[in-house]
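# A closer look at the structure
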Amino acid sequence: MTTPKLRAELDSIPTYKPGRPPAADEDGAQTGPAFKLSSNENPYPPLPGVLEAAIAAAGSINRYPDMACSALTDELAARFGVPAEHVATGTGSVGVAQQLLQVTSGPGDEVIYAWRSFEAYPIITRISGATAVHVPLDADERHDLDAMADAVTERTRLIFVCNPNNPTGTVVRRAALERFLDRVPSDVLVVLDEAYREFITDEEVPDGVDLYRERPNVAVLRTFSKAYGLAGLRIGFAIAHDPVAAALRKTAVPFGVSQLAQDAAVASLRAEPALLERVAGLVAERARVVEALSGQGWTVAETQANFVWLRLGERTTDFAAQCERAGVTVRPFAGEGVRITIGEAEANAILLRTAESFRKEL
Ligand SMILES: Cc1ncc(COP(=O)(O)O)c(C=O)c1O
């Protein structure tokens, strides 16, 4: 029997693989200590005032949300000092990234990004029909911006720069990024994916919004999923010039961002002191974890995000399995390495104990 004809591109597209949840028995009950360090989520509950805002919005779920996300857009525009027309919200920053591909790239076009980087890039690039151009990270697990600029051709439409990079946590600094942007033709869109921006403490890492101001071909992606802890509500945004921002509004799924997400995001922005305190706590834990791992003899990539990367090669899946047995799930990339989210102190302690015993067995 014949089946409906689908686009040929789909054959080569892997399905997005989410981080594993903590182990559970057959009835779904948790078996022992169980922490999820596999999805770069925030271990804290919603910020003060956020749950109340979401609950209030839930009272109106028989109504469609504000399609323009007006209150949030105005709040973001004021916060970043950009025109409201340059703010485009969407269903998580990955949803906005997919729209950016939709508005720039199709069959015959090329999309450049570092590799390894965020796993969604190859998927959403291939869905658009465009050709993905992978540029290997350098020996220090960082973007090789010179090689990325060299990879630009007349078919290039979009370049992702993931800063900090998922899964390595490494960053590109101001001078190198500006040099790179100077080399990219002005009709190629450069997307600075700053999903983990809030965790950056290195002052040499530029704020993408400053670069957007001077360069019409730069768009910045941000999310409420990580530092703000709203991963479950699916809300992110881009800051981009026209015509990119207008194109994002055209391609948005109508009413895609729920009112719960919109109101929770506004409440999160207004809870800045608590946000900063939590981010400082996670950054301190990050330093503690990196120092402890280095002390155990591991080579840890220099991270500015809420996760660390261990290049374990062949031993990757063994390490991940050992972590799981000990009560924490991490994110293995078989044959390459493991990404470990900075979580609750207790979870980080289990991770460090496991890493130490694994190291001794090597
Ligand atoms: C680099 C990067 N960009 C974007 C996202 C997407 O986040 P969200 O769609 O939840 O905003 C992620 C999530 O893991 C990420 O790591």
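Higher on the page you've got the structure.
Source: prediction; values computed, not measured.

### Side note on the sheet that holds strand β2 (residues 87-90)
The strand order β2-β8-β7-β6-β5-β3-β4 describes an open sheet built from 7 strands, whose pairing is mixed. A single partner strand is all that each edge strand has here, and the edge strands are β2 and β4 (131-136). Averaged over all pairs of adjacent strands, the angle between their axes in this sheet comes to 25 degrees, without regard to strand direction. As defined by bridge partners, β2 adjoins strand β8 (residues 236-239) across 4 bridges and the pair is classed as antiparallel. Across the sheet, residue A88 finds its bridge partner in β8, namely A238.

### Quick notes on the nonpolar core
Generally speaking, a soluble globular protein has its nonpolar side chains buried in company with each other. The biggest cluster of nonpolar side chains holds 82 residues, and the ones touching the most others in it are F180, F224 and F319. Looking at this core, the element that brings in the most residues is helix α10 (residues 272-295), giving 7 residues. With residues near it in sequence (within four places) discarded, F180 still touches L145, M148, A149, I159, V161 and V190. In terms of nonpolar packing, the next biggest core, distinct from the first, is built from 24 residues, A88, A97, Y113 and L221 among them.

### Looking at helix α6 (residues 174-183)
Taken residue by residue, α6 has L177, F180 and L181 as its buried positions. One side of α6 holds all its buried residues, which, seen down the axis, span an arc of 100 degrees. The exposed set on the far side of α6, more than 90 degrees from its buried face, consists of A175 and D182. Check the buried side of α6 and you find it contacts α5 (145-150), β5 (156-162), β6 (189-193), α7 (208-214) and β7 (218-223).

Calculation criteria
- Residues numbered from 1 in each chain as written.
- Predicted model: local features only at pLDDT ≥ 70, side-chain atom pairs only at ≥ 80, totals over all residues.
- Heavy atoms only, no water.
- Pairing = 2+ DSSP bridges.
- Helix = DSSP H or I, 4+ residues; strand = E, 2+ residues; numbered from the N terminus.
- Axes fitted to C-alpha atoms, helices over the stretch in contact; angles between N-to-C directions.
- Core = buried A, V, L, I, M, F, W, Y, C linked by side-chain atoms within 4.5 Å.
- Buried < 20%, exposed > 50% of the residue type's maximum accessible area, 1.4 Å probe, protein only.
- Contact = heavy atoms within 4.5 Å.
- Arc of directions from axis to C-beta.

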